Number of protein chains: 2
Amino acid sequence: MADQELSASEREQGARFAPKFDAAGLLTAVVVDAVSAQVLVVAHMNHEALEKTLASGRVHFWSRSRKALWLKGETSGHFLNVEEVLVDCDQDALVIRARAEGPTCHTGARSCFYRRVDGDGESAVLVKVKT
Amino acid sequence: MADQELSASEREQGARFAPKFDAAGLLTAVVVDAVSAQVLVVAHMNHEALEKTLASGRVHFWSRSRKALWLKGETSGHFLNVEEVLVDCDQDALVIRARAEGPTCHTGARSCFYRRVDGDGESAVLVKVKT
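Residues numbered from 1 in each chain as written. Chains lettered and ligands numbered in written order. Predicted model: local features only at pLDDT ≥ 70, side-chain atom pairs only at ≥ 80, totals over all residues. Heavy atoms only, no water.

Peer 1: What should I look at first to understand the sheet that holds strand S5 (residues 80-87) of chain A in this one?
Peer 2: Within a sheet, neighbouring strands are paired by backbone hydrogen bonds and run either parallel or antiparallel to one another. Strands sit in the order S2(A)-S1(A)-S6(A)-S5(A)-S7(B)-S8(B) across an open sheet of 6 strands; the sheet is mixed. Each edge of the open sheet is held by one strand with a lone partner, namely strand S2 (39-45) of chain A together with strand S8 (125-128) of chain B. Put simply, the sheet's adjacent strands are angled 35 degrees from each other on average, direction ignored. Where strand S1 (residues 27-33) of chain A and strand S6 (residues 93-100) of chain A come together, 6 bridges link them in parallel fashion. Within the sheet, the bridge partner assigned to threonine 28 of chain A lies in S6 of chain A and is alanine 93 of chain A. Of the strands in this sheet, S2, S5 and S6 of chain A together with strand S7 (115-118) of chain B touch helix H2 (residues 47-56) of chain A, which is tilted by about 130 degrees from S2 of chain A. (Pairing = 2+ DSSP bridges. Helix = DSSP H or I, 4+ residues; strand = E, 2+ residues; numbered from the N terminus. Axes fitted to C-alpha atoms, helices over the stretch in contact; angles between N-to-C directions. Contact = heavy atoms within 4.5 Å.)

Peer 1: Please explain the UniProt feature "binding site: Zn(2+)" (unreviewed entry) in chain A as it appears in this structure.
Peer 2: Taking the UniProt record as the reference, the feature "binding site: Zn(2+)" (unreviewed entry) is found at Cys89, Cys105 and Cys112 of chain A. Taking the farthest pair of C-alpha atoms as the criterion, the annotated set spanning 24 residues is dispersed, since that pair is 28.1 Å apart. With respect to the secondary-structure elements, cysteine 89 of chain A resides in the loop between S5 and S6. Not counting the four nearest positions on each side in its chain, cysteine 89 of chain A is found in contact with Arg11 and Glu12 of chain A together with Cys105, His106, Thr107, Cys112, Tyr114 and Arg115 of chain B. Note that cysteine 112 of chain A resides in the loop between S6 and strand S7 (115-118). (UniProt positions renumbered as here; feature names shortened; annotations may be inferred.)

Peer 1: Please explain the relation of the copies chain A and chain B as it appears in this structure.
Peer 2: Superposing the two chain copies requires a rotation about an axis and a translation along that axis. Screw-axis analysis of chain A against chain B gives a translation of 0.0 Å along the axis, an RMSD of 0.0 Å, and a rotation angle of 180 degrees. These values place the two chain copies in the arrangement generated by a two-fold rotation axis. The position closest to the rotation axis in chain A is occupied by the C-alpha of alanine 37 of chain A, lying 3.0 Å away. Mapped onto chain B, 100% of the interface residues of chain A again fall at the interface, so both copies present the same surface. (Least-squares fit on C-alpha atoms with pLDDT ≥ 70 in both.)

Peer 1: Would you take a moment to explain the interface of chain A and chain B for this structure?
Peer 2: One widely used convention gives an interface's size as the accessible area the parts lose upon coming together. Listed as interface residues are 48 residues of chain A and, on the opposing side, 48 residues of chain B. By the criterion of area lost to chain B, the three top residues of chain A are Phe113, Arg115 and Leu126 of chain A, representing 16% of everything that side buries. One can count 2 salt bridges joining chain A with chain B. Across the pair aspartate 92 of chain B and arginine 64 of chain A runs a salt bridge, and its minimum N-O distance is 3.4 Å. The interface formed by chain A and chain B contains 26 residue pairs in polar contact (both at pLDDT 80 or more). (Buried area = accessible area lost by both parts, 1.4 Å probe. Salt bridge = Lys/Arg side-chain N within 4 Å of Asp/Glu carboxyl O. Polar contact = N/O pair within 3.5 Å; in protein donor to acceptor, adjacent residues only side chain to side chain.)

Peer 1: Teacher, can you tell me more about the environment of glycine 108 of chain B here?
Peer 2: Residue and element names in this part refer to chain B. Considering the arrangement of structural elements, one finds glycine 108 in the loop between strand S6 (93-100) and S7. What makes glycine 108 partly exposed here is its relative accessible area of 46%. Distance from glycine 108 to valine 35, taken between C-alpha atoms, is 19 Å for residues 73 residues apart in sequence. (Buried < 20%, exposed > 50% of the residue type's maximum accessible area, 1.4 Å probe, protein only.)

Peer 1: What is the right way to read the pattern of salt bridges from this model?
Peer 2: Close approach of charged atoms lets side chains of opposite charge pair. Residues and elements named next belong to chain A. On inspection of all chains with the given rule, the structure shows 12 salt bridges over all chains. For the salt bridge of glutamate 84 with arginine 97, the shortest nitrogen-to-oxygen distance reads 3.1 Å. Placement of glutamate 84 in strand S5 and of arginine 97 in strand S6 is noted, with a sequence separation of 13 residues between them. Looking at glutamate 84, the relative accessible area reads 19%, which means it is buried.

This is how it looks when you write it as structure tokens:
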């Protein structure tokens, strides 16, 4: 695994895993429930978080606010256990299918996506949905 | 809809939609298939892309590489028709449930996430999966 220079074709169609980190050294990770396919959380990984996720089988993020490596569940016990990691065409985003030990959101919700946007423009409001 | 200053509680639990754009003026948008729940594409939206998505019912992104507003499907005809927009706890990421008119990925794949990461460290390789 290395952030190597690849041709567009190698990057999109090849077997080489060459994750493309952004200027801040991060890529986007979308964690989905391995059973229901529901999106649980969207966060970021740096190289170390990705390595530790793949090596340990537990999702690690890079916390942009705390500027620190973050083993999801480290304090709550609500770990995300990796079932499968998928990468997108240009290798700058991951989808991680995981089994969640407990609620994923720090608010106690199963998923961080517990509100729907209704309307648009100035009249847009949020409505809670069941997760 | 405005990127207003809210208390943490208002931001996380309130009914006010106050999307939090990053330093580059972007938030992350995850588009999932409204029927299968499969993640189709992960991309970015600026304020205008979000407004146009909500107003038109068709997903618009901000292309970081082209630095331009991008109506997904504008050239291919493969529009993403919005069914529901969900926002996360801190309002810096969206999940958009959409009906896809054709394949979403520019490679012709149904989803951009058509490869699985097998292994870790230097031995990690990508294996194609069915989308």
